[in-house]
Amino acid sequence: MELPAVNLKAILLVHWMLTTWGSIVFSGPYAWANFTILALGVWAVAQRDSVDAMSMFLGGLVATIFLDIIHISVFYPREYLTDTGHFGAGMAILSLILKPFSCCFAYHMYRERGGELQLHVGFLGPSPERSAYQTIDSPDAPNNSFAGPESKGQAAHGY
């Protein structure tokens, strides 16, 4: 299944508009988190070939999904809301609903830029890569360049 071509600028414009309207009700941490991620998105637009910029934007989008859920559920006004307050809260919720789709598009763009997903199934187990360090149970003796002549198979001379 091929994702439709969506411009990163369009994603940023939609989320900027929804975040601006959502900030009517949810100011402070909600606005800071979302506008910071949008700034990372502007960085990803400015550097078209940067995998780092796209990965930071994608990771930030995923993080703001969880932050928005927490922020909206904790700070949603329980008392009387004006029509403007209902509109702002609705736009914040709509932004939250659209973020997983934006993450899919951003991940597709990340892969187009040459990024790879670095998650391994056995991330808690040993790494399949060889390291410069040797384990204690290693059958190979370490090469100790500071060892004395006794350990290198030479006889020690007493002077």
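See the structure shown above.
About the cut-offs
Numbering of residues starts from 1 in each chain and follows the order in which that chain's sequence is written. Selection of residues for local features in this predicted model requires a pLDDT of at least 70, selection of side-chain atom pairs for listing and counting requires 80 or more, and totals for whole chains, interfaces and linings are taken over all residues. The basis for every side-chain value is the complete set of heavy atoms in the structure, and neither hydrogens nor water enter the calculation. Note on conventions: DSSP H or I runs of at least 4 residues are helices, E runs of at least 2 residues are strands, and numbering of each starts at the N terminus. The contact criterion used throughout is that any non-hydrogen atoms of two residues lie within 4.5 Å. Criterion for a salt bridge: a side-chain nitrogen of Lys or Arg within 4 Å of a carboxyl oxygen of Asp or Glu. For every residue, the accessible area obtained with a 1.4 Å probe (protein chains only) is divided by the maximum for its type, and the residue is called buried under 20%, exposed over 50%, and partly exposed between those limits. Aromatic rings from Phe, Tyr and Trp, with only the six-membered ring used for Trp, were paired whenever their centres fell within 6.5 Å, and each pair was classed as stacked if the ring planes differed by under 30 degrees, edge-to-face if by over 60, and tilted otherwise. Think of a 1 Å grid over the protein atoms and nothing else: a 1.4 Å probe that fits but is trapped marks a cavity, an open set flanked by protein within 12 Å on at least five of seven lines marks a pocket, and residues with an atom within 4 Å of a point count as lining. Grid points are joined across faces, edges and corners, and a volume is the space filled by probe spheres set on the points. The residue classification treats Ala, Val, Leu, Ile, Met, Phe, Trp, Tyr, Cys and Pro as nonpolar and Asp, Glu, Lys and Arg as charged. All others, Gly included, are polar. Patch definition: residues with relative accessible area over 30% and no salt bridge; like charges joined within 9 Å; nonpolar side chains (Val, Leu, Ile, Met, Phe, Trp, Tyr) joined within 5 Å. Residue exposure ignores everything except the shown protein chains as possible cover, and the areas themselves are Shrake-Rupley values with a 1.4 Å probe. For a helix, the expected span equals 1.5 Å multiplied by the number of residues minus one. An arc is given here, and it is the one of the directions from the helix axis to the C-beta atoms. Any pair of N or O atoms that falls within 3.5 Å is considered a polar contact. Within protein, one atom must be able to donate a hydrogen and the other to accept it, and sequence-neighbouring residues count only if both atoms are side-chain atoms.

Trainee: Whenever I open this one, the overall build of the protein chain confuses me. Can you help?
Mentor: Within the protein chain one finds four helices and zero strands. Ordered by position from the N terminus, the helices and strands of the protein chain form the series α-α-α-α. A fraction of 73% describes how many contacts in the protein chain between residues 6 or more apart in sequence connect residues 24 or more apart.

Trainee: Mind showing me how you'd approach the pattern of salt bridges here?
Mentor: Two side chains carrying opposite charge are able to pair once their charged atoms lie near each other. Counted under the stated rule, the structure contains one salt bridge. For the salt bridge of Lys-99 with Asp-68, the shortest nitrogen-to-oxygen distance reads 2.6 Å. Of this pair, Lys-99 sits in helix α4 (residues 83-112) while Asp-68 is found in helix α3 (residues 51-75), placing the two residues 31 residues apart along the sequence. Since its relative accessible area comes to 2%, Lys-99 is described here as buried. According to the relative accessible area criterion, Asp-68 is buried, its value standing at 2%.

Trainee: How should I be thinking about the packing of aromatic side chains in this particular structure?
Mentor: Between two aromatic rings, the relevant description is the distance of the centres plus the angle of the planes. Across all of its chains, the model carries four aromatic pairs by this definition. With centroids separated by 5.8 Å and ring planes inclined at 55°, the aromatic side chains of Phe-26 and Tyr-30 adopt a geometry described as tilted. A residue is classified by how much of its surface remains accessible, and Tyr-30, at 1% relative accessible area, is buried. Centre to centre, the rings of Phe-26 and Tyr-76 are 6.3 Å apart; their planes meet at 40°, and the pair counts as tilted. Residue Phe-26 is located in the loop between α1 (8-22) and α2 (29-46), and its partner Tyr-76 is located in the loop between α3 and α4; the two are separated by 50 residues in the primary sequence. For Tyr-76, a relative accessible area of 28% gives the class partly exposed.

Trainee: Explanation requested: empty space enclosed by the protein in the structure shown.
Mentor: Vacant regions in the atomic arrangement are exposed by a probe of water-molecule size rolled over the atoms. Tallied over the full model, the rule gives one cavity of 30 Å³ or more. In this structure, the largest cavity encloses a volume near 40 Å³. As for the largest cavity, its lining consists of His-15, Thr-19, Asn-34, Ile-37, Leu-38, Phe-57, Leu-61, Thr-64 and Lys-99. Those elements that place two or more of their residues in the lining of the largest cavity are α1, α2 and α3. Per-class residue counts for the lining of the largest cavity are four nonpolar, four polar and one charged.

Trainee: What is the right way to read a nonpolar patch on the surface from this model?
Mentor: Residues Leu-13, Trp-16, Met-17, Trp-21, Ile-24, Phe-35 and Phe-87 make up a contiguous nonpolar surface patch of roughly 650 Å² in combined accessible area. The greatest single-element share of the nonpolar patch, amounting to four residues, is contributed by α1. Position of Leu-13 among the secondary structure elements: in helix α1.

Trainee: Explanation requested: α2 in the structure shown.
Mentor: Every α-helix carries 3.6 residues per turn, so stepping three or four residues along brings you back to the same face. The terminal C-alpha atoms of α2 lie 26 Å apart, and with 18 residues this matches the ideal 26 Å at 1.5 Å per residue to within 8%. Buried within α2 are the following residues: Tyr-30, Ala-31, Ala-33, Asn-34, Ile-37, Leu-38, Leu-40, Gly-41, Ala-44 and Val-45. Tucked into the core, α2 has its buried residues touching α1, α3 and α4.

Trainee: Just to check I follow, could you spell out α1 for this structure?
Mentor: The terminal C-alpha atoms of α1, which comprises 15 residues, lie 21 Å apart, in line with the 21 Å expected from a rise of 1.5 Å per residue. Among the residues of α1, those classed as buried are Leu-8, Ile-11, Leu-12, His-15, Leu-18, Thr-19 and Gly-22. With its buried residues spanning 140° around the axis, α1 presents them on a single face. Its buried side turned inward, α1 meets α2, α3 and α4. The backbone nitrogen of Lys-9 lies 3.3 Å from a side-chain oxygen of the residue at the head of α1, namely Asn-7.

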